[in-house]
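Geometric and topological summary
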Amino acid sequence: DAGVIQSPRHEVTEMGQEVTLRCKPISGHDYLFWYRQTMMRGLELLIYFNNNVPIDDSGMPEDRFSAKMPNASFSTLKIQPSEPRDSAVYFCASSQQERIQPQHFGDGTRLSIL
Amino acid sequence: DAKTTQPTSMDCAEGRAANLPCNHSTISGNEYVYWYRQIHSQGPQYIIHGLKNNETNEMASLIITEDRKSSTLILPHATLRDTAVYYCIVRAQGKLIFGQGTELSVKP
């Protein structure tokens, strides 16, 4: 079975530009999670969805960040406008049940804002 | 903040068992212990989880103390490909809260 698929794998853009990260969860998984990883802060949960509905966005750093899940097979994380401090690796994960079942992670998008 | 404490780094000889400890003294009765690992530049990979009984799968064994305040992940025959950062996580309110993990280096 295909795992969680993220695109692009790498993104380099200039400060102020809009950035869109994409994620396709594993088919049949009800939960989708967005994480960010930096050297300073480690791996942080940004937001998660259940059945396409955002449940907890308390980890989203500020209004420049937004996430959507228009259907069960696709989610986006947007940053507008982007800033150099947004440079990080962004991971998407999905699971069948939020509380018990393990989360399966994609390989991430490495984002560099110049 | 993460609810677990792990050593920053450990070494293990190839072919030997790797025993990775984790302290979670404030764990609640209904919280599970999860272990993930992250190989450089890849996404975290699920290894195993448990509530109070010891667990084993094709990757590893998880030993949880009777008082549930600590656990040990055991990789029975470590290989060079097991070199990674290993995260012990107590699942609180459905979220995975990652700490700094243990950097395991398997040496030939």
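To keep things clear, this report deals only with the structure shown in the data block.

What counts, and where the lines are drawn
- Residues numbered from 1 in each chain as written.
- Chains lettered and ligands numbered in written order.
- Predicted model: local features only at pLDDT ≥ 70, side-chain atom pairs only at ≥ 80, totals over all residues.
- Heavy atoms only, no water.
- Salt bridge = Lys/Arg side-chain N within 4 Å of Asp/Glu carboxyl O.
- Buried < 20%, exposed > 50% of the residue type's maximum accessible area, 1.4 Å probe, protein only.
- Contact = heavy atoms within 4.5 Å.
- Buried area = accessible area lost by both parts, 1.4 Å probe.
- Polar contact = N/O pair within 3.5 Å; in protein donor to acceptor, adjacent residues only side chain to side chain.
- Helix = DSSP H or I, 4+ residues; strand = E, 2+ residues; numbered from the N terminus.
- Nonpolar A, V, L, I, M, F, W, Y, C, P; charged D, E, K, R; others polar.
- Phe/Tyr/Trp six-rings, centres within 6.5 Å; stacked < 30°, edge-to-face > 60°.
- Pairing = 2+ DSSP bridges.

1. Regarding the pattern of salt bridges
Residue and element names in this part refer to chain A.
- Under the criterion given, the structure shown has 9 salt bridges over all chains.
- A salt bridge links E44 to R36; the nearest nitrogen and oxygen atoms lie 3.6 Å apart. No difference in accessibility class separates E44 from R36, as the two residues are buried.
- For R85, the salt bridge is made with E83, and the minimal N-O distance between the two is 2.6 Å.
- A cluster of three or more residues bridged by salt bridges with shared partners is formed by E62, R64, E83, R85 and D86.

2. Overview of the interface of chain B and chain A
- The interface is formed by 18 residues belonging to chain B together with 21 residues belonging to chain A.
- Of all residues in chain B, the largest losses of buried area upon contact with chain A belong to R91, K95 and F98 of chain B, amounting jointly to 28% of the total for that side.
- Counting across the interface, chain B meets chain A through 0 salt bridges.
- For the interface between chain B and chain A, the tally reads 3 residue pairs in polar contact (both at pLDDT 80 or more).
- Of all elements in the fold, only strand 3 (33–38) and strand 4 (45–50) of chain B reach the threshold of two or more residues within the side of chain B that touches chain A.
- Among the elements that line the side of chain B that touches chain A, the one with the most residues is strand 3 of chain B, at 3 residues.
- Considering only residue class, the side of chain B that touches chain A consists of 8 nonpolar, 8 polar and 2 charged.

3. Digging into the packing of aromatic side chains
- Inspection of the entire model under this criterion finds 13 aromatic pairs over all chains.
- When the ring of F33 of chain A is compared with that of Y48 of chain A, the centres are 5.2 Å apart and the planes differ by 25°; the resulting orientation is stacked. Here F33 of chain A, found in strand 4 (residues 31–38), pairs with Y48 of chain A, found in strand 5 (residues 42–50); they are 15 residues apart in sequence, far enough to count as distant.
- A relative accessible area of 0% places F33 of chain A in the buried class.
- With a relative accessible area of 6%, Y48 of chain A lands in the buried category.
- Judged by centre distance (6.1 Å) and plane angle (85°), the ring pair of F105 of chain A and F98 of chain B falls under edge-to-face. Of this pair, F105 of chain A sits in strand 10 (residues 104–105) while F98 of chain B sits in the loop between strand 8 (84–90) and strand 9 (102–107), on two different chains. You'll find F105 of chain A and F98 of chain B in the same group, each marked buried.

4. Here's the deal with the side chain of Q6 of chain B
Residues and elements named next belong to chain B.
- Topologically, Q6 is positioned in the segment before strand 1 (9–13).
- Taking the relative accessible area as the measure of exposure, Q6 reaches 16% and is therefore buried.
- A polar contact of 2.9 Å, which involves the side chain of Q6, links it to the backbone oxygen of Y86.
- At a separation of 3.4 Å, a polar atom in the side chain of Q6 contacts the side chain of T102.
- In contact with Q6, not counting residues within four places along its chain, are P21, C22, W35, Y86, Y87, C88, G101 and T102.

5. Considerations on the pairing of strand 7 (residues 70–75) of chain B
All names here are of chain B.
- Across 6 bridges, strand 2 (residues 18–23) lies against strand 7 in antiparallel orientation. Paired with N23 across the bridge in strand 7 is S70.
- With 4 bridges connecting them, strand 6 (residues 61–64) and strand 7 associate as antiparallel partners. Bridge pairing in strand 7 places L62 opposite L73.
- The turn linking strand 6 back onto strand 7 is made up of 5 residues, and R68 within it adopts a positive phi angle of 65°.

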